[in-house]
Amino acid sequence: MRFNRLSPFAMRCTLATLLTLAALLPAPGATHAASPAIPGLTAPMLSPAYWIARLDAPDAVVLDAASIDAQNTVMRRDDVSIQDPLALHDRLDRRTVAGWIEALSKRPTAPRFTVDGPVDAATLNGWIDALALDAVPAHVTPRFGLVVRRADLRAFPTATRVFSRPGDTDIDRFQEDALFPGAPVAVLHASRDGDWLFVVSERYRAWVETTHIAIGTRDAVAGYAARAADGVVVTGATARTVFTPEAPAVSDVQLEMGVRVPRADRDATRVLHGQVPAFGHIVELPVRGDDGALSFSPALLPASADVADDVLPYTRAALIRQAFKFLGERYGWGHSYNARDCSGFVSEIYRSVGILLPRNTSAQATSPALNRIEVTADMPHAQRLQLLRDAGVGDMVFIPGHVMMVIGHIDGEPWVIHDTAGMSLRDADGAIARLPLNGVVVTPVTPMLSGEDGTTIDRITSIQRVR
């Protein structure tokens with residue numbers, strides 16, 4: 001199985017700058033005043049209702065359930081960044097497994113820093129030794145498991161946050177992604193101390209802390225995934241199980257947008273973990289025993305949780321509503337800060353309507369399973385702008401390392417929602433304003449700059465759509 005992997009920095013949201021999120025909001029008492037930071041932005045634009053009202057037939061179904069199933073089948077078949085961990089062979093050769101680890105866990109060649117200062121050679125050597133590549137056997141027998149708590153995926157088996165420059169602590173260069181409760185994984189290797197596991201998930205291969213994975217049989221893991229396919233779907237930005245001291249393993253478990261969990265086969269009139277469960281949704285979650293073994297336990301999502309019995313209908317209105325549920329959330333590189341980055345943002349929006357996307361922008365921008373509009377390097381600016389004006393709600397616009405989702409047009413100006421560390425634009429004096437944004441924001445496209453002379457429009461590489 002091939003897995004194309006660029007550097008994490010090239011694959012996710014590139015750093016640029018703009019003005020702070022606070023500047024997007026109107027002054028106290030203001031209603032429709034334009035923001036001084038974002039040209040043309042008014043307070044009503046910060047509501048999904050504004051954008052939905054501008055559409056003709058916003059609730060018309062774009063793809064029905066059968067078409068979405070067909071779309072996901074093509075994605076799993078044709079996109080090399082997608083893999084089925086439960087379909088791995090019973091034995092993998094050492095070269096394959098060690099190659100996957102070495103492709104991810106490359107010794108940094110540029111200086112690296114922690115909050116305490118430069119990373120020295122001895123520390124780097126320790127991280128390399130922790131990979132335990134000498135312990136990979138000639139033939140690896142995969143084990144299988146389920147994620148029990150939201151878990152970081154790391155480039156090395158360490159939780160130490162590592163940065164490119166002192167003080168640049170938002171971008172942890174060892175942070176790859178996060179896995180969510182109920183996600184199936186294949187476990188291929190363990191770190192030297194056993195505290196970390198190298199796993200294959202549907203969209204990524206990386207290191208995860210051992211305590212976040214419950215190990216079971218392939219059939220048990222596959223059975224849970226099959227039950228979850230017909231279970232409760234999280235339609236809010238997140239949902240949390242109720243706090244319960246009687247069952248700590250399933251207490252206050254965070255589930256992300258689009259995550260599905262099975263309903264538990266349990267009488268709603270019977271007391272569950274000290275509560276009458278009739279005022280919520282009884283679901284089943286994986287649990288890790290003291291020996292690491294997988295079992296299952298009922299848990300309770302409160303009735304107030306933003307969940308549904310099935311994925312949402314794929315409509316333009318649904319995409320806008322789902323995107324705005326993240327508005328103002330802090331940007332989180334590689335799903336750090338208990339949040340998400342630009343590609344994770346669009347992935348979770350589309351997952352809530354049942355559509356699978358690749359994890360990183362490099363794969364999303366080029367996926368053969370989507371309807372791709374290629375933007376060649378020599379395409380004139382006017383032609384690029386016309387493509388944006390023709391783009392529809394939900395279309396994903398890519399520049400190197402970043403993705404934005406179209407939400408509408410105003411007087412020919414394309415507007416997007418995106419999760420970004422920041423951008424640039426010119427101020428009233430013509431100077432480039434470079435200030436952090438660090439969140440999910442709504443912006444027009446044409447004022448955005450890339451460097452001193454370039455515009456963001458001139459860096460667009462493709463537009464992808466699911467239609």
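Reading across from one edge, β16-β13-β19 is the order of the 3 strands in this open sheet, with antiparallel pairing throughout. The open sheet is flanked by β16 (260-261) and β19 (307-308), the only strands paired with a single partner. Of the pairings in the sheet, the one linking strand β13 (residues 232-234) to β16 comprises 2 bridges and is antiparallel in character. By the bridge assignment for β16, Val232 is matched with Val261.

Here we come to the packing of helix α7 (residues 316-324) against helix α8 (residues 342-351). Two elements in contact, α7 and α8, have axes whose closest approach is 9 Å; the angle formed by their N-to-C orientations is 130 degrees. Comparing the axis directions of α7 and α8 gives the class oblique. The chirality of how α7 crosses α8 is right-handed. Contacts between α7 and α8 involve Leu319, Gln322 and Ala323 on the former and, on the latter, Phe345, Ile349 and Tyr350. Residues of the contact of α7 with α8, tallied by class, amount to 5 nonpolar, 1 polar and no charged.

Another point: the side chain of Thr315. Along the chain, Thr315 falls in strand β20 (residues 314-315). What makes Thr315 buried here is its relative accessible area of 5%. A polar contact is formed between the side chain of Thr315 and the backbone nitrogen of Ala318, at a distance of 2.9 Å. Excluding its chain neighbours within four sequence positions, the residues that come into contact with Thr315 are Pro58, Asp59, Ala60, Val61 and Val62.

A few words now on the pattern of salt bridges. Enumeration according to the criterion identifies 23 salt bridges in this entry. Arg161 is the salt-bridge partner of Asp172, the closest N and O atoms lying 3.8 Å from each other. Taken as a pair, Asp172 in the loop between β7 (151-154) and β8 (175-179) and Arg161 in the loop between β7 and β8 lie far apart in primary sequence, 11 residues in all. According to the relative accessible area criterion, Asp172 is buried, its value standing at 1%. A salt bridge links Arg227 to Glu284, with the nearest nitrogen and oxygen atoms 2.8 Å apart. You can see Arg227 sitting in helix α6 (residues 218-228) and its partner Glu284 sitting in strand β17 (residues 280-288), a full 57 residues away along the chain. On the basis of relative accessibility, which here comes to 18%, the residue Glu284 falls in the buried class. Several salt bridges converge on common partners, so that one network encompasses Arg150, Glu256, Glu329, Arg340 and Glu348.

Rules and cut-offs
- Starting afresh in each chain, residues are numbered from 1 along the sequence in its written order.
- The predicted nature of this model means local features are confined to residues of pLDDT at least 70 and side-chain atom pairs, given and counted, to a pLDDT of 80 or more, with totals for whole chains, interfaces and linings taken over all residues.
- Side-chain measures here rest on the full set of heavy atoms in the structure, leaving out hydrogens and waters.
- Whether two strands pair comes down to DSSP finding at least two bridges between them.
- Every helix listed is a DSSP run of H or I at least four residues long, and every strand listed is a run of E at least two residues long, numbered separately from the N terminus.
- Convention adopted: a line fitted to C-alpha atoms gives each axis, helices being fitted over their contacting stretch, and angles between N-to-C directions are expressed from 0 to 180 degrees.
- For classification, angles of less than 35 degrees are called roughly parallel, those exceeding 145 degrees roughly antiparallel, those between 65 and 115 degrees roughly perpendicular, and all remaining angles oblique.
- For a crossing to be left-handed, the near helix must be turned anticlockwise from the far one by less than a right angle; the clockwise case is right-handed.
- Note on contacts: a residue pair qualifies if any of its non-hydrogen atoms lie within 4.5 Å across the two residues.
- Each residue is assigned to one class: nonpolar for Ala, Val, Leu, Ile, Met, Phe, Trp, Tyr, Cys and Pro, charged for Asp, Glu, Lys and Arg, and polar for all the others, Gly among them.
- Buried means the residue's accessible area, taken with a 1.4 Å probe over protein chains only, is under 20% of the maximum for its type, while exposed means over 50%, and partly exposed covers the values in between.
- Polar contact is defined as a pair of N or O atoms within 3.5 Å, subject to the rule that within protein one atom must be able to donate a hydrogen and the other to accept it, and that residues adjacent in sequence are counted only when both atoms are side-chain atoms.
- Counted as salt bridges are all cases of a side-chain nitrogen of Lys or Arg within 4 Å of a carboxyl oxygen of Asp or Glu.

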